[in-house]
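# Architecture and fold: a report
Read off the chains here:
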Amino acid sequence: MSERGLDLLLAWAMGGKNTKTANDPKRTGLKKERGDERGTKLHLPIPLPSDLLSGLLPDLTPSAKHQPPVRSLEPVKLGPAPLEPKFKREVLRELEEPYEVDSSLSAEVAPPPDQLSWVSPQPGELPPYPATFKIVDVAREAEAIRQARKRIRLSAEAFEKDESRVNERVFAAYGVMGRKKTKGEKEEGKKPSVCMFTIHDAGETLTSVKFSRDATLMATGFSESYIRLWNLKGEPLRPIKSDFDPSTITHPKQLKKVPSTSPTLKLLSHSGPVYSLAFDPSSGPSSPPRFLLSSSQDASVRLWSMHTYTPLVAYKGHREPVWDVDWGPRGVYFVSGGRDRTARLWNTERVVSLRIFSGHLSDVDTVRFHPNSLYVVTGSSDRTCRMWDVERGDCVRLFTGHSGPVSCIAVSPDGKWLASAGEDKEIKLYDLGTSRVLKTMTGHTSRINSLAFSAESSLLVSGSHDETVRVWDVKAPAEERGEDGRVKGFDDVDMEMLRRGEKRNRDLLATLYTKQTPVLETAFTERNLCLAAGPMVLPQAA
């Protein structure tokens, strides 16, 4: 900065009294020649921002009382979506339970009364759904409750029993050594079981993987512009013949299927690599899906029938490749994100997008719905995540902290937390209500491709290009590190771990290694079985 510019800045910061200018006859004369009777008092027409001033002159930063007030966050409603009394009564009737019994419909959890972020939305605030519910809706909700009651409860406590991982002093620092089960305490949780699917002869051509909600189908997308379906039960996939007269069909059994003995089927329609897939969740946890969504480099999203295995609709609105697509919790709506820096909200019955969420500075790489359907969360190459109000289309939360593009996100089933990860090899856990970073979890050595919460929102599973699946403790407190970078309270880590070059990580519960298989997808079933998938990548010859 020039001497003249520095003097002007000093004059503004000190209220106009610049002694150096007052003692300089040349500068004083200039002011007087222009008719300024004040002589030495200078005024800048444009005020400088405080951050610029503090960067140039830290001692002259305006005091806190002159700072503008901090803008408060807009309240958000993260509680479970309400159910209509008539619909709830029908579900309880399906379960053969009296209406007065308090049931865990949709795994509803009563929000703490002192947390505003747990307030449930009103029925009028949710996206409009069909006014009348069908028998299939009641059956789906009832089956979800039955599956939830059979669910295996997962917990980080199951890993704390393994005393070979750390010594007694480390356990004592955790406060879990020697703790006895008290009367009335719930049964301890279990470790998650992970079922890994390896796709051979795919290599780098495999671009996306997705499991159906009932864990009977797996869809894979390839860079050769096609989709391949797999029946995980080994049963043949037999599409229904489409050349029939609808007026002659009175029962589903009258529909004829194409003879087939293969448990896999190829779907062709896109004209570019398929980057994302999503199965329709409206069929419930025990019934096969009815529809499949796919997004591609051809800037389109296509809806497929899982009865005829043919494309039904092509949704075109993005101007460039569509990187990700995700269904709403109850179907009907879905959201997509692409390279045109926007995310779009769609209804399956309309070919035009309902909302355009614009605000990211780079590609929208990943999108997810909030469990109550009121919000959409996006992750971008601009290193940020945003939460959008579905009804208004406004950004209500901004999440920062990553040092690289965000490649995957996950919203916890209880609607409280957001997990994000990407090319910086870090997993960040945010509070959706305050947009505050709760903790950062490190351990992967390559790009992270997928994140999935357990049904209780207590564990997080990640899949990475480093050919591992890792299990993380969501509820463990954040680690406190000293100036030397070492975790406080863990100085006596087992020497064997140090000799192997391993670091103690409070959040990392388990690391499961694959055999030359980068993990592209991880997901939990309704009963908390973890599914993972990726392509077998053969080592390149030297």
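Okay, the packing of aromatic side chains next. One pass over the full model with this rule turns up 10 aromatic pairs. Residues Tyr 129 and Tyr 333 carry aromatic rings whose centres are separated by 5.5 Å and whose planes lie at 90° to one another, so their mutual orientation is edge-to-face. In this pair, Tyr 129 sits in the loop between α5 (85–94) and α6 (135–149) while Tyr 333 sits in strand β11 (residues 333–338), placing the two residues 204 residues apart along the sequence. Every member of this aromatic cluster is reached through a ring pair, and the members are Tyr 315, Trp 327, Phe 334 and Trp 346. A cation sits over an aromatic face here: Arg 330 above Tyr 129, 4.0 Å from the ring centre.

In this section: the sheet that holds strand β20 (residues 426–431). On the basis of which strands lie adjacent, the open sheet formed by four strands has the order β18-β19-β20-β21 and antiparallel pairing. Both outer strands of the open sheet, β18 (406–411) and β21 (436–442), are each paired with one neighbouring strand and no more. Neighbour-to-neighbour, the strand axes of the sheet open up by a mean angle of 20°, direction not taken into account. Pairing between β20 and β21: six bridges, direction antiparallel. Paired with Leu 429 across the strands is Lys 439, a residue of β21.

Right, let's get into the environment of Arg 146. Relative to the elements of secondary structure, Arg 146 occurs in helix α6. Expressed as a C-alpha distance, the spacing of Arg 146 and Glu 526, which sit 380 residues apart in the sequence, is 9.9 Å. The contact partners of Arg 146, leaving out residues within four places of it in the chain, are Glu 94 and Leu 95. For Arg 146, the side chain forms a polar contact with the main-chain oxygen of Glu 94, separated by 3.4 Å.

The biggest cluster of nonpolar side chains holds 16 residues, and the ones touching the most others in it are Tyr 375, Met 387, Phe 399, Leu 418 and Leu 432. The element contributing the most residues to this core is β18, with three residues. Residue contacts for Leu 418: discarding those within four places in its chain leaves Val 377, Cys 385, Phe 399, Ile 409, Ala 410, Val 411, Lys 428, Leu 429, Tyr 430 and Leu 432. Of all hydrophobic cores here, the second largest spans 15 residues; its members include Ala 419, Ala 421, Ile 448 and Val 474.

Attention now goes to the confidence of the model for the chain. For the chain, mean pLDDT is 78; residues scoring 70 or higher make up 70% of the total. Residue range residues 15–70 is modelled with pLDDT below 50. Its contacts to residues more than four positions away, or to other chains, number 47 contacts. Within the model, pLDDT remains below 50 along residues 163–184, and this stretch shows 34 contacts once partners closer than five positions in the same chain are excluded.

Our focus in this paragraph is the sheet that holds strand β12 (residues 342–347). Whenever strands of a sheet pair, they do so through backbone hydrogen bonds, lying parallel or antiparallel. Taken in spatial order, the four strands line up as β10-β11-β12-β13 in an open sheet, and their pairing is antiparallel. With one partner strand each, in any of the chains shown, β10 (322–327) and β13 (355–358) form the two edges of the open sheet. For this sheet the average axis-to-axis angle between neighbouring strands, irrespective of direction, equals 20°. Here five bridges tie β10 to β11, and the two strands are oriented antiparallel to one another. Across the sheet, the residue bridging to Val 322 is Gly 338, located in β11.

Okay, the pattern of salt bridges next. As enumerated under the stated definition, the model contains 18 salt bridges in all. Residue Arg 213 is joined to Glu 526 by a salt bridge in which the shortest nitrogen-to-oxygen separation is 3.0 Å. Here Glu 526 lies in the loop between β26 (521–524) and β27 (530–535) and Arg 213 lies in the loop between β2 (206–211) and β3 (217–222), a separation of 313 residues in the sequence. The exposure class of Arg 213 is partly exposed, given its relative accessible area of 30%. Its relative accessible area of 19% is what places Glu 526 among the buried residues. Among the salt bridges present, the one from Arg 470 reaches Asp 466, with a minimum N-O distance of 3.7 Å. Pair check on accessibility: Arg 470 and Asp 466 agree, each one buried. Each of Glu 74, Asp 389, Arg 392 and Asp 394 takes part in one network of salt bridges that share partners.

Calculation rules
Residues numbered from 1 in each chain as written. Predicted model: local features only at pLDDT ≥ 70, side-chain atom pairs only at ≥ 80, totals over all residues. Heavy atoms only, no water. Phe/Tyr/Trp six-rings, centres within 6.5 Å; stacked < 30°, edge-to-face > 60°. Helix = DSSP H or I, 4+ residues; strand = E, 2+ residues; numbered from the N terminus. Lys NZ or Arg CZ within 6 Å of the ring centre and 35° of its normal. Pairing = 2+ DSSP bridges. Axes fitted to C-alpha atoms, helices over the stretch in contact; angles between N-to-C directions. Contact = heavy atoms within 4.5 Å. Polar contact = N/O pair within 3.5 Å; in protein donor to acceptor, adjacent residues only side chain to side chain. Core = buried A, V, L, I, M, F, W, Y, C linked by side-chain atoms within 4.5 Å. Buried < 20%, exposed > 50% of the residue type's maximum accessible area, 1.4 Å probe, protein only. pLDDT = per-residue confidence, 0-100. Salt bridge = Lys/Arg side-chain N within 4 Å of Asp/Glu carboxyl O.

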